[in-house]
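Per-entry structural report
What follows is the residue order along each chain.
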Amino acid sequence: GYAQPRIVDICREAGVAKGLFYWYFDTKEAVFRDLIHDLRHRLRRAQAEAMDPAADPLVRIRQGAEASVRFMAAHAQAFALVTVENVDRQFVEDVRRGTSVHADDTERLVRAAIEAGLVRPEDPRLLAYAVLTTVGWFSHFRHTGRLDVDADELATFVGRQVVCSIAASESIARDALEGPAVTAS
């Protein structure tokens, strides 16, 4: 967790001198904020790498959702730490900023998919949050042991769930599900 370790404990665990810690960080809070920022940055990079730029926006939404589930499974402890520590409200704005960026990225894809007639014409922000909620909660349920499902199997399920919930029609959903698959990273 965040609260218990002291800076000396962090340095010992990382195998670095306390002076080196202070070279990069002023406080333990700064380390945690950096963790939040780094985690979101790496998640966005994994999503971007998974999305085929030549694919239609609905396929890219599915690919991004699948990549997110896989990334969150591979980094479950870090996401759990961010979620648990968010309870003390100290880092709420840091977490919200990351979520807002993710929602903005997803909303852009949703808007493009609506314009292309691939997604039903509803509020793009609400649809973006529907995608984020599906990814986040299923990942959370897997990490907390409520779902005993392989990460790749869950990623495929979540991608299918996202597409089927926002696609303009069943045939469009079927086409998006048959589009380029996301490979595990």
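Residue positions are counted from 1 within each chain, in the order its sequence is given. Local features in this predicted model are restricted to residues whose pLDDT is 70 or higher, and side-chain atom pairs enter the listing and the counts only when it is 80 or higher, whereas totals over whole chains, interfaces and linings include all residues. Each side-chain value is derived from all of the structure's non-hydrogen atoms; neither hydrogens nor water enter the calculation.

**Quick look at a nonpolar patch on the surface**
Excluding any residue in a salt bridge, patches collect residues exceeding 30% relative accessible area, merging like charges within 9 Å and nonpolar Val, Leu, Ile, Met, Phe, Trp and Tyr side chains within 5 Å. Method for areas: the Shrake-Rupley scheme with a 1.4 Å probe, in which residue coverage is limited to the protein chains shown. By definition, a salt bridge exists where a carboxyl oxygen of Asp or Glu is found within 4 Å of a side-chain nitrogen of Lys or Arg. Together, V16, L20, W23 and Y24 make up a nonpolar patch on the protein surface, roughly 490 Å² of accessible area in all. Mapping L20 onto the fold places it in helix α2 (residues 18–24). The rule is simple: take the accessible area with a 1.4 Å probe, protein chains only, and divide by the maximum for that residue type; under 20% is buried, over 50% is exposed, in between is partly exposed. Owing to a relative accessible area of 41%, L20 belongs among the partly exposed residues under this scheme. Helix numbering and strand numbering both begin at the N terminus, where a helix is a DSSP run of H or I of at least 4 residues and a strand a DSSP run of E of at least 2.

**Describing the packing of aromatic side chains**
Ring pairs shown here join Phe, Tyr and Trp side chains whose ring centres sit within 6.5 Å, with only the six-membered ring taken for Trp; geometry is labelled stacked below 30 degrees between planes, edge-to-face above 60, and tilted in between. On inspection of all chains with the given rule, the structure shows five aromatic pairs. Taking 5.2 Å as the distance between ring centres and 85° as the angle between the ring planes, the aromatic pair formed by F21 and Y22 counts as edge-to-face. Its relative accessible area of 6% is what places F21 among the buried residues. Taking relative accessible area as the criterion, Y22 reaches 38% and is therefore assigned partly exposed. Measuring from centroid to centroid gives 6.1 Å for F71 and F79, while their planes differ by 90°, and the two rings are edge-to-face. Considered together, F71 and F79 belong to a single accessibility category, that of buried residues. Through a chain of ring-to-ring contacts, three or more aromatic side chains come together here, namely F21, Y22 and F25.

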